[in-house]
Amino acid sequence: MILELHLIQNFAPSNLNRSDTGSPKDCTFGGVRRARISSQCFKRAMRTYFRDKFEKPGNLAERSTRLIENIAQRLVAKGRDAEPSRKVALEALTSVGLKASRKDASKTEYLLFMGRDELDRIAATCEEHFDELASDKPSDDTKKAVKKALMDLMNEGKAADLGLFGRMLADLPERNRDAASQVAHAISTHKVGLEFDFFTAVDDLRPEDTAGSDHLGTIEFNSACFYRYANVNIDKLRENLQKDEELTKATIDAYIRAAVEALPTGKQTTFATHEKPSLVYAVVRDTGMMSLANAFEKPVYSPNGGLVDESIKALAEHYGKITGVYGDNAKSRVFITTGDADTAAALGDNAGTFDALLDQTISAIFNGKEA
């Protein structure tokens with residue numbers, strides 16, 4: 001079973017996701033320049049939302065190079081000394097092939113995405129074998145026992161965000177986790193240009209007779225109406241969460257909330273870009289995935305100004321054409337909009353409120369309710 005989310009979100013002047021030169025990210029689509037916000041950027045915002053809002057914080061993950069110190073702190077909390085704890089944590093991770101960085105032995109070679117429950121159990125294993133691992137030369141039997149324990153527990157984690165977004169452990173491929181979710185790069189439904197904000201800054205303590213400014217600069221920005229697409233393979237998520245149905249349901253609920261509520265943080269102090277989506281369209285289907293990005297292959301344009309309703313209209317028309325040719329196996333099609341509801345009506349049922357959309361979508365996934 002597949003959950004798909006299609007969003008139309010209009011942002012005022014902003015620079016939510018920058019390139020290496022500081023410019024808003026962009027791309028070419030349909031032969032014209034579009035604004036773009038990368039999938040990585042939105043996924044980071046969604047994972048941060050999870051950390052703050054998820055009702056089961058013990059079922060979350062940490063993505064860091066600093067897990068040696070994290071495990072050591074858990075051992076210190078159990079009464080162990082700090083330095084031996086770091087050695088023990090490093091020995092434990094090394095036993096399964098996760099090495100320390102050559103530049104900084106307190107960090108791992110690359111970012112590791114580990115569930116908090118996994119880290120708790122790694123710390124418990126370290127505590128159980130603490131004296132042996134803290135010695136100058138831990139025995140081979142100890143290393144084998146620790147390796148087996150860690151390999152077993154790393155196959156049993158139930159972290160919601162790890163189950164959604166997956167992980168790759170280059171040195172431990174047998175404990176990789178395939179992502180249950182896919183998130184597309186958000187692209188503007190229309191052609192965009194790049195604009196510049198010229199600014200000056202004045203020293204508050206400068207003498208009053210000093211002319212001019214103390215700092216000059218420019219910030220690049222754009223404003224755009226974006227199409228966003230994401231999906232979740234419900235069966236894969238359930239598998240990643242060890243078939244915990246309650247946790248799977250809570251994760252789907254939080255995922256939808258995060259997709260709608262979470263925003264990238266780029267230049268927010270400067271632009272305060274906190275606009276809600278103008279359309280949220282949730283589709284539940286048994287099989288198959290279908291992005292609607294090609295609704296905007298021809299850039300949206302409105303001679304009277306305004307892009308939101310024109311974007312919703314293009315989306316609804318494209319959905320009708322695609323399903324007319326390929327069929328529509330949707331079990332549930334629900335939307336909410338702050339735009340023209342009549343224009344969006346062709347998409348499915350108008351839930352009216354975000355809470356109602358959540359309830360109907362969750363019900364369709366877990367109760368088999370037909371649209």
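Refer to the preceding data block for the structure.
Residues numbered from 1 in each chain as written. Predicted model: local features only at pLDDT ≥ 70, side-chain atom pairs only at ≥ 80, totals over all residues. Heavy atoms only, no water.

> For this particular structure, what's the right way to read the packing of aromatic side chains?
How two aromatic rings sit relative to each other is given by the distance of their centres and the angle of their planes. All chains considered together, the criterion is met by six aromatic pairs. Note on Phe-221 and Phe-271: the rings are 5.7 Å apart at their centroids and 45° apart in plane angle, and the pair reads as tilted. You can see Phe-221 sitting in strand 9 (residues 215–233) and its partner Phe-271 sitting in helix 10 (residues 268–271), a full 50 residues away along the chain. For the pair Phe-221 and Phe-271, a shared accessibility class is recorded, and that class is buried. Judged by centre distance (5.7 Å) and plane angle (80°), the ring pair of Tyr-281 and Tyr-319 falls under edge-to-face. With Tyr-281 in strand 10 (residues 279–285) and Tyr-319 in helix 11 (residues 308–326), this pair connects stretches of sequence that are 38 residues apart. The ring of Phe-130 has Arg-80 sitting right over it, with the charged end atom 4.1 Å from the ring centre. (Phe/Tyr/Trp six-rings, centres within 6.5 Å; stacked < 30°, edge-to-face > 60°. Helix = DSSP H or I, 4+ residues; strand = E, 2+ residues; numbered from the N terminus. Buried < 20%, exposed > 50% of the residue type's maximum accessible area, 1.4 Å probe, protein only. Lys NZ or Arg CZ within 6 Å of the ring centre and 35° of its normal.)

> Any chance you could explain the pattern of salt bridges here in plain terms?
Close approach of charged atoms allows side chains of opposite charge to pair. Following the criterion strictly, the structure yields 22 salt bridges and no others. The salt bridge involving Glu-62 is made with Arg-116; its shortest N-O contact spans 2.9 Å. Of this pair, Glu-62 sits in strand 4 (residues 61–64) while Arg-116 sits in helix 4 (residues 116–128), and the two are 54 residues apart along the sequence. In terms of burial, Glu-62 and Arg-116 fall into one category: buried. The partner of Lys-276 in a salt bridge is Glu-261, with the nearest N and O atoms 2.4 Å apart. (Salt bridge = Lys/Arg side-chain N within 4 Å of Asp/Glu carboxyl O.)

> How should I be thinking about the environment of Ala-364 in this particular structure?
Take Ala-364: it is sitting in helix 13 (residues 354–367). Judged by its relative accessible area of 1%, Ala-364 falls in the buried class. A C-alpha to C-alpha distance of 12 Å links Ala-364 and Ile-234, two positions 130 residues apart in sequence.

> How should the environment of Leu-205 be read in this particular structure?
Within the secondary structure layout, Leu-205 lies in the loop between strand 8 (195–201) and strand 9. The exposure class of Leu-205 is exposed, given its relative accessible area of 78%. Note: C-alpha distance between Leu-205 and Lys-107 (98 residues apart in sequence) is 43 Å.

> Help me understand the state of the cysteines, please; the structure alone is not making it clear to me.
Two cysteines whose sulfur atoms are joined by a covalent bond form what is called a disulfide. With the rule as written, the count across this model stands at zero disulfides. Among the cysteines around Cys-27, which has no disulfide bond, Cys-41 carries the closest sulfur, lying 14 Å off. What makes Cys-27 buried here is its relative accessible area of 18%. Among the cysteines around Cys-225, which has no disulfide bond, Cys-27 carries the closest sulfur, lying 14 Å off. Judged by its relative accessible area of 0%, Cys-225 falls in the buried class. (Disulfide = S-S within 2.5 Å.)

> Even after reading the chapter, I still don't get helix 11, so can you show me in this structure?
In an α-helix, one full turn covers 3.6 residues, which means residues spaced three or four apart are oriented alike. With 19 residues, helix 11 extends 27 Å between its outermost C-alpha atoms, agreeing within 8% with the 27 Å of an ideal straight helix rising 1.5 Å per residue. For helix 11, the elements touching its buried residues are strand 1 (2–14), strand 9, strand 10, strand 11 (330–337) and helix 12 (341–344). Note on helix 11: the residue one or two positions beyond its end, Gly-327, has a positive phi of about 85°. (Expected span 1.5 Å × (residues − 1). Contact = heavy atoms within 4.5 Å.)

> I tried to follow helix 1 (residues 39–53) on my own but got confused; where do I start?
Between its first and last C-alpha, helix 1 extends 21 Å over 15 residues, near the 21 Å set by a 1.5 Å rise per residue. Turning to helix 1, its buried residues number three or more, namely Ser-39, Cys-41, Phe-42, Ala-45, Met-46, Arg-47, Tyr-49 and Phe-50.

> Is there a simple way to explain the pairing of strand 2 (residues 26–29) in this structure?
One face of the sheet, then the other: side chains in a regular strand alternate in exactly this way. Sheet topology places strand 2 next to strand 3 (residues 32–37); four bridges connect them, and they run antiparallel. Bridging across to strand 3, Phe-29 finds its partner in Val-32. A loop of two residues connects strand 2 with strand 3, the two strands running antiparallel in sequence, and Gly-30 in this loop sits at a positive phi of about 65°. (Pairing = 2+ DSSP bridges.)

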